[in-house]
Amino acid sequence: MNIEEYKNVWVFIETEHGKVKNVGLELLNQGKILAKANNEKVIGVVIGRDMNDVVKSVISYGADEVILVEGEEYKDYSTDGYTNVMNKLVKKYKPSVILIGATINGRDLGPRLACRLQTGLTADCTGLDIDEASRAIAWTRPAFGGNLMATILCSDTRPQIGTVRPGVFKKIHPDESKSANVIKEEIHTPADEIRTKLIDFIKIAGEEGVKLEEAEIIVSGGRGLGKAENFSILKELADVLGAAVGSSRAAVDAGWISPLQQVGQTGKTVGPKIYIACGISGAVQHLAGMSSSDIIIAINKDPDAPIFNIADYAIVGDLFEVIPALTQQIREYQNS
Ligand SMILES: Cc1cc2nc3c(=O)[nH]c(=O)nc-3n(C[C@H](O)[C@H](O)[C@H](O)COP(=O)(O)OP(=O)(O)OC[C@H]3O[C@@H](n4cnc5c(N)ncnc54)[C@H](O)[C@@H]3O)c2cc1C
């Protein structure tokens, strides 16, 4: 393999029910920084059906170019269909780097593709840089339960593939006036080559409302809430703010809320505009998932709680008094 032949940074644009997911847009921005450093382009790869709006937003969020593959068989994600498309595209265009969001589907696609192409994959990265000496991507990811940060290079094969945690990087402010070249490729996958059949989507109970990964504001609760029923006061605050509800692991372990809502090292990494931590002490494993939030507001009755070390606004008080009062004030403000 002549690695010199491989150029440009690709971002796999994941969609769900025809809508673009945030993680692809976040990766476009970081991908652009990496591409620029090597005088290359960042290219969004869109696979699906009726992807016009998705292509528009991929361009407005910074892609220099888009590769588009549409087909009825790609309406929903499938390992076989999407791997087939990516594999063929890679062979034709020879990208140097492929960034994939470390979502459930992204973590499924990445390894499948890396095996097919016989190249290296670093999973669940939280840091992306360029190694000065080799100009290869330096993929950084937590290992051994977060006790060690490993930086990994893929030196001898291309493309270099990595899945990257949603919420780690920020998307840019979209520029609707931007235009970019869209390359349409006709690649079809025969029905009998797609071995999984999607029968139905079933919503998981507790997953209604705003999703953590997509939320601009997150209201998060911990052991300080005391019991499951008390999450209702958080939900009220979240509703007035249009926010998602998150939680610490202690609240998940206690069975008060779905594991899908857990923020932290073994949960989700989030980077919203505002993160409101209610009754959360601020253990390092929790901070690992939310410390890149733009503004952190903490409500805790213990003035020495470590969460206050990273909070931009600190409210020392009983959350059962503070949260309803806050909800009430915001409601009044919105109605005035
Ligand atoms: C390998 C590993 C991975 C982990 N992964 C994660 C992870 O992904 N996410 C995560 O969150 N944790 C994780 N943990 C657990 C983590 O170490 C903490 O145990 C957990 O974050 C604590 O949750 P908490 O802050 O809700 O509870 P606590 O630490 O018990 O804190 C409760 C807080 O509520 C406050 N409080 C109590 N009552 C009130 C009240 N009425 N009003 C206001 N404040 C009140 C208390 O002062 C206290 O600060 C992990 C641990 C390990 C070992």
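Analysis parameters
Per chain, the residues get numbers from 1 upward, laid out in the order the sequence is written. The predicted nature of this model means local features are confined to residues of pLDDT at least 70 and side-chain atom pairs, given and counted, to a pLDDT of 80 or more, with totals for whole chains, interfaces and linings taken over all residues. Hydrogens and water are ignored here; the side-chain numbers use all heavy atoms of the structure. One bridge is not enough; two strands pair if DSSP finds at least two bridges between them. The helix count covers DSSP runs of H or I at least four residues long, the strand count covers runs of E at least two residues long, and both are numbered beginning at the N terminus. All axes are obtained by fitting lines to C-alpha atoms, using only the stretch in contact for helices, and the reported angles, taken between N-to-C directions, cover 0 to 180 degrees. Only heavy atoms matter for contacts: two residues are in contact if any of them lie within 4.5 Å across the pair. Each nonpolar core is a collection of buried residues, namely Ala, Val, Leu, Ile, Met, Phe, Trp, Tyr and Cys, held together in the definition by side-chain atoms within 4.5 Å. Think of it in three bands: with a 1.4 Å probe and only protein chains considered, a residue is buried below 20% of the maximum accessible area for its type, exposed above 50%, and partly exposed in between. Being near a molecule or strand, for a residue, means having at least one of its heavy atoms within 4 Å of it. What qualifies as a polar contact is a pair of N or O atoms within 3.5 Å, subject to a donor-acceptor requirement within protein and to the restriction that residues adjacent in sequence count only when both atoms come from side chains. Throughout, the Shrake-Rupley method with a 1.4 Å probe supplies accessible areas, and for residues the shown protein chains are the sole cover considered. In the scheme used here, Gly and all other residues not listed as nonpolar or charged are polar, with Ala, Val, Leu, Ile, Met, Phe, Trp, Tyr, Cys and Pro taken as nonpolar and Asp, Glu, Lys and Arg as charged. Take the number of residues in a helix, subtract one, and multiply by 1.5 Å to get its expected span. Classification of ring pairs rests on two measures: the distance between centres of Phe, Tyr or Trp rings, Trp counted by its six-membered ring, which must be within 6.5 Å, and the angle between planes, read as stacked under 30 degrees, edge-to-face over 60 and tilted in between. For this analysis, a salt bridge means a side-chain nitrogen from Lys or Arg found within 4 Å of a carboxyl oxygen belonging to Asp or Glu.

Before going further, it helps to examine the sheet that holds strand S17 (residues 313-316). Here we have five strands laid out as an open sheet, ordered S14-S13-S15-S16-S17, and parallel in their pairing. A strand with exactly one partner marks an edge of an open sheet, and here the two such strands are strand S14 (244-247) and S17. The sheet shows a mean angle of 20° between the axes of neighbouring strands, taken without regard to direction. Judged from the four bridges that link them, strand S16 (residues 295-300) and S17 form a sheet pairing that is parallel. Within S17, the position partnered with Ile299 by the bridge is Ile315. Against the sheet, helix H8 (residues 319-335) contacts strand S15 (274-278), S16 and S17, and its axis sits at roughly 135° relative to S16.

Side chains of a nonpolar character, in soluble globular proteins, are inclined to be buried together. One finds Leu28, Val46, Val58, Leu99 and Leu128 to be the most contacted residues of the largest nonpolar core, which totals 30 residues. Those elements that place two or more of their residues in this core are strand S1 (9-13), helix H1 (22-37), strand S4 (42-48), helix H2 (52-60), strand S5 (65-70), strand S6 (97-101), strand S8 (127-130) and strand S9 (137-143). For Leu99, the residues in contact, after removing those within four places along its chain, are Val9, Trp10, Val11, Phe12, Leu27, Gly31, Leu128, Trp139 and Gly162. One finds Leu225, Phe231, Ile276 and Cys278 within the second-largest nonpolar core, a separate group that totals 23 residues.

Attention now goes to the site of the ligand. Neighbouring residues of the ligand: 25 residues in total, closest Arg223, Ser248, Thr266, Ser281 and Asn300. Backbone polar atom of Val263 to a nitrogen atom of the ligand: 2.8 Å apart, as the coordinates give it. Within the backbone of Lys301, an N or O atom sits 3.1 Å from a nitrogen atom of the ligand. Taking 990 Å² as the accessible area of the ligand by itself, protein coverage stands at 77%. Elements represented by at least two residues in the shell around the ligand include exactly helix H6 (249-253), helix H7 (284-287) and H8. Classifying every residue of the shell around the ligand by side-chain character gives six nonpolar, 14 polar and five charged.

Turning to H1, a few remarks are in order. Its 16 residues give H1 an end-to-end C-alpha distance of 24 Å, which sits within 8% of 22 Å, the value for a rise of 1.5 Å per residue. Where H1 is concerned, the buried positions are Asn22, Val23, Gly24, Leu25, Glu26, Leu27, Leu28, Gln30, Gly31, Leu34 and Ala35. Just past H1, the residue Asn39 takes up positive phi, approximately 55°.

Right, let's talk about the sheet that holds S1 for a bit. With parallel pairing, the seven strands of this open sheet are ordered in space as S7-S11-S6-S1-S4-S5-S12. Since the sheet does not close on itself, it has two edges, and those belong to strand S7 (121-125) and strand S12 (181-184), each with one partner. With direction set aside, neighbouring strand axes in the sheet form an average angle of 20°. As paired strands, S6 and strand S11 (residues 160-164) are joined by five bridges and run parallel to one another. Across the sheet, the residue bridging to Ile98 is Ile161, located in S11.

Before going further, it helps to examine the pairing of S9. Within S9, five of the seven residues are buried, leaving the element largely enclosed by the surrounding structure. Here S8 pairs with S9 via four bridges, running antiparallel. Of the residues in S9, the one forming a bridge with Gly127 is Thr140. Following S8, the chain reverses through six residues before pairing antiparallel with S9; Arg135 in that reversal takes a positive phi of roughly 65°. Alignment of S9 against strand S10 (residues 148-152), held across five bridges, turns out to be antiparallel. Within the sheet, the bridge partner assigned to Trp139 lies in S10 and is Ile152.

Inspection of the entire model under this criterion finds four aromatic pairs. A ring pair is formed by Phe12 and Tyr82, whose centres lie 6.1 Å apart and whose planes are at 80°; its orientation type is edge-to-face. Of this pair, Phe12 sits in strand S1 while Tyr82 sits in helix H3 (residues 79-93), placing them 70 residues apart in sequence. Under the relative-accessibility criterion, Phe12 is labelled buried at 3%. Between the aromatic rings of Tyr74 and Tyr82, the centroid separation amounts to 6.1 Å while the plane-to-plane angle is 85°, which identifies the pairing as edge-to-face. Tyr82 carries the same exposure label as Tyr74, and that label is buried.

Let us now look at the pattern of salt bridges. Summed over all chains, the structure comprises 16 salt bridges. Of the charged contacts, one joins Glu16 and Lys211 as a salt bridge, the two residues approaching to 3.2 Å between their closest N and O atoms. Of this pair, Glu16 sits in strand S2 (residues 15-16) while Lys211 sits in the loop between S12 and strand S13 (217-221), and the two are 195 residues apart along the sequence. Judged by its relative accessible area of 28%, Lys211 falls in the partly exposed class. The salt bridge partner of Arg135 is Glu132, with a shortest N-O separation of 3.2 Å. Its relative accessible area of 34% is what places Arg135 among the partly exposed residues. For Glu132, a relative accessible area of 63% translates into the label exposed. Via salt bridges that share partners, Arg49, Asp50 and Glu72 belong to a single interconnected network.

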